[in-house]
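Structural overview
Here is how the chains run, residue by residue.
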Amino acid sequence: MADKRYKVEIISNQSVEDDIIEQLEQEIPGLEYTVLPEVQGRGKNTKKLGDTVWPEMNFVLFCYTDLENARKIKNVISDIKARFPKEGITLFFTEEVEL
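What you see is a predicted model; the values in this text were computed from it and never measured.

Another aspect to go through is the packing of aromatic side chains. Both the distance between ring centres and the angle between the ring planes are used here to describe each pair of aromatic rings. Tallying each qualifying case throughout the model produces 1 aromatic pair. Arranged with centres 6.2 Å apart and planes meeting at 80 degrees, the rings of phenylalanine 62 and tyrosine 64 form a pair that is edge-to-face. When its relative accessible area of 48% is taken as the criterion, tyrosine 64 is described as partly exposed. The residue whose ring lies beneath lysine 7 is phenylalanine 62, and the NZ or CZ to ring-centre distance is 5.3 Å.

Look at helix α1 (residues 17-27) against helix α2 (residues 67-83): their axes get within 10 Å of each other, and the N-to-C directions meet at 145 degrees. Our pair here, α1 against α2, has a crossing hand that is right-handed. Across the interface between the two elements, Asp19, Ile20, Gln23, Leu24 and Glu27 of α1 pack against Lys72, Ile73, Val76, Ile77, Asp79, Ile80 and Arg83 of α2. Among the residues making up the contact of α1 with α2, the classes are represented as 6 nonpolar, 1 polar and 5 charged.

Criteria and cut-off values
Residues numbered from 1 in each chain as written. Predicted model: local features only at pLDDT ≥ 70, side-chain atom pairs only at ≥ 80, totals over all residues. Heavy atoms only, no water. Phe/Tyr/Trp six-rings, centres within 6.5 Å; stacked < 30°, edge-to-face > 60°. Buried < 20%, exposed > 50% of the residue type's maximum accessible area, 1.4 Å probe, protein only. Lys NZ or Arg CZ within 6 Å of the ring centre and 35° of its normal. Axes fitted to C-alpha atoms, helices over the stretch in contact; angles between N-to-C directions. Helix = DSSP H or I, 4+ residues; strand = E, 2+ residues; numbered from the N terminus. Left-handed = near helix turned anticlockwise from the far one by under 90°. Contact = heavy atoms within 4.5 Å. Nonpolar A, V, L, I, M, F, W, Y, C, P; charged D, E, K, R; others polar.

Dropping the structure here:
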């Protein structure tokens with residue numbers, strides 16, 4: 001049986017996008033990921049619609065990786081959340097399911 005893979009999804013304010021990507025690439029060289037750069041939505045506290053009323057936008061970064069790298073990603077996000085506690089950084093993990 002092959003090692004399990006995990007989908008990792010990070011949703012955050014664009015203001016910390018560079019910090020997140022830089023630290024992920026430093027901790028996990030060769031990490032393959034996809035970024036959706038301008039994401040609109042509504043979180044717990046505010047809307048992010050990119051207009052004059054709600055000017056901020058979010059981004060989404062997702063990747064598929066093994067457990068070891070998923071744990072490294074969790075540590076990176078914990079560190080960045082401690083540095084930027086008000087940027088609405090969220091992290092989700094989904095374990096691969098066999099069909």
